[in-house]
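# Breakdown of the fold
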Amino acid sequence: MERKIVRSYIIIIVLILSHPVFAQDSLLIENVTIVSSHLQMPLKNVNVLISEGRIKEISSSKIVLPSVGKILDGQELYLAPGIMDSHVHVSSVPGMGFGVEPVAQRNGTLSEKYYRQQPYSFLYYGVTQVLDPNPGLQWPKFTSSPVHPDYYRCEVITSIDTFPMVEKTDPLSKTMFSYIVEEGVADTTVNSPEQIIERISASGASCIKVYFEDGYGDESQWPLLSDDTLKRIRESALQHKLPLVAHANALDMYQRAIDADVDVIAHGLWNWGEFSRETEVSKTMHGVLNQLMNKSIGYMPTQRVIAGLGELMLHNSHGVPEFSKVTPKELLEWYKQPSAQWFKEELRAGFDGLPDEVIARIFLKDRMGKGDKILQTLTEAGYPLLLGSDFPGSPSFSNQPGLTTFLEMKAMADAGVSLVAILAAATSNNARQFNIDKDYGTVEVGKVANLLLLKQNPLTTVDAWSNIHQVILHGEVFNRADFAADTMANKALQRTSR
Ligand SMILES: [Zn+2]
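Described below are features of the structure shown in this document. Nothing here was measured: the structure is a model prediction, and the numbers come from that model. (Residues numbered from 1 in each chain as written. Predicted model: local features only at pLDDT ≥ 70, side-chain atom pairs only at ≥ 80, totals over all residues. Heavy atoms only, no water.)

## Side note on the packing of aromatic side chains
Counted under the stated rule, the structure contains 19 aromatic pairs. Residues Y335 and F397 carry aromatic rings whose centres are separated by 4.4 Å and whose planes lie at 20° to one another, so their mutual orientation is stacked. Taken together, the residues span a long stretch of sequence, with Y335 in helix α12 (residues 329–335) and F397 in the loop between α14 (356–380) and α15 (403–415) at a distance of 62 residues. Neither residue differs from the other here; Y335 and F397 are each classed as buried. Taken together, F122, W139, F142, Y151 and F391 form an aromatic cluster joined through their ring pairs. The residue whose ring lies beneath K370 is W272, and the NZ or CZ to ring-centre distance is 5.1 Å. (Phe/Tyr/Trp six-rings, centres within 6.5 Å; stacked < 30°, edge-to-face > 60°. Helix = DSSP H or I, 4+ residues; strand = E, 2+ residues; numbered from the N terminus. Buried < 20%, exposed > 50% of the residue type's maximum accessible area, 1.4 Å probe, protein only. Lys NZ or Arg CZ within 6 Å of the ring centre and 35° of its normal.)

## Quick notes on the pairing of strand β12 (residues 244–247)
Looking down a regular strand, the side chains alternate between one sheet face and the other. Residues of β12 alternate between two faces, with L244 and A246 on one and V245 and H247 on the opposite face, all of them buried. Sheet topology note: the strand β11 (residues 207–211)/β12 ladder contains 4 bridges and is parallel. Opposite I208, over in β12, you have L244 as the bridge partner. For the handedness criterion, the β-α-β arrangement of β11, helix α7 (residues 227–239) and β12 is classed as right-handed. The pairing of β12 with strand β13 (residues 264–265) spans 2 bridges and is parallel. From the neighbouring strand, A246 faces β13, where its bridge partner is I265. (Pairing = 2+ DSSP bridges. Right-handed = clockwise from strand over helix to strand, strands pointing away.)

## Details of the coordination of the zinc ion
Protein coordination at the zinc ion comes from H87 (NE2), H89 (NE2) and D390 (OD), with a distance range of 2.1 Å. Coordination of the zinc ion draws on donor residues from a single chain, spaced H-x1-H-x300-D in sequence. Of the two residues, H89 is situated in the loop between β6 (83–85) and β7 (92–93) and D390 in the loop between α14 and α15; the sequence distance between them amounts to 301 residues. (Donors = N, O, S within 2.8 Å, 3.2 Å for Na, K, Ca; no water.)

## Some thoughts on the sheet that holds strand β10 (residues 150–156)
The sheet built from 7 strands is open, its strands ordered β6-β9-β10-β11-β12-β13-β14 with parallel pairing. What marks the edges here is a single partner per strand, and that holds for β6 and β14 (298–299). Bridge analysis of strand β9 (residues 127–132) against β10 gives 4 bridges, and the strand direction is parallel. Bridge pairing in β10 links D132 to R153.

Below, the structure written as structure tokens:
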């Protein structure tokens, strides 16, 4: 009789331990304030139970469990969704370009060091999801890191005559494009838009990227994909439920992208009101923006592209103190070398020898001012934004992983975007735009536990996004310092496996 009771106790204990809620990986955050864009205002003093990498329970009353893996005291902390940056290029090394490009090729060891640190640098700044709209060939280095933000990618469709393929001059650089479309061929042809999108879909990509770029500045030497090809890409992408993302940043290119019914324009509109060819465009900046809003096309400001060009021209551009947390020190050393100044010299040449300070001002004041004006126009209309930094945006080393995402949020705040709108842009809007809002974007039961414990309220100051206490990735808790490039701690991360 007694033995029977003991045995049923054992069975009950085994049942309790095997129940997912009581698993050893569970995490309980007590008395925390939740900041999430589905809430009208922050939810104070709640308890959040996380298990098996997801949010299991949110309660204002105490959650009592017989066993819990870890308990965190959330008093005076803010629990926010992890940040999603929907425009980053993980194959591109700041100061070098994509891994297959000549400067990165000449500095193989340094690039490898960079690729190893990069996922941790994003996490250091609370970026727990990234979308890469031109993944190149090195992205598996990012996803094979033992700890990394969740990774989504678009695949690029280009033709040999159009940007960005047309701009690549050496054979190795051309290899970064895997989907080269042939125009005017039957839909059964191997490189027709339809067959290419079939393959992109099968590859597990989340979206399609096309480019509307006929030349930089006032130039217009490159052709665009034909209207017929764009129409076929649009239809096939719809059939495969893949959002269509466009590169465009000048008024006339915006118009073409809007006419092609794209879902997202992945750059701010910086180029308007200064070029002669604009006289050919009947629409004004406001006219183009109204069409964008009427068609509900997603807008990514990407102000850091321009900032990265301007800051590169400033004295001591490699000496930003924040770099030491996100950039390997060997790479910081390299940025001081004459061989690392190649892109700065290219920019100087493009401006016919204007003084560096003048070039910097053209980007940081004039061009960014145009981006600010667009942000103000959209903000006045209450139009939702998407956070996308286009990190690193160019071969400038003024943009560094994670830090650039934070600076992009700061640039939005500087332009007058509200902190509520920035929270939504960085979390729920991005998740919804790319069809992953079932899993990400808010602090709600059932969502993936990619979360941040912040020391300040992000609805009070944008700096809260860089005042991070801990980063939670699929329910696993990391101290921010674990991810820093200048600590030994992340060496330990590299040995653990997930
Ligand atoms: Zn980009």
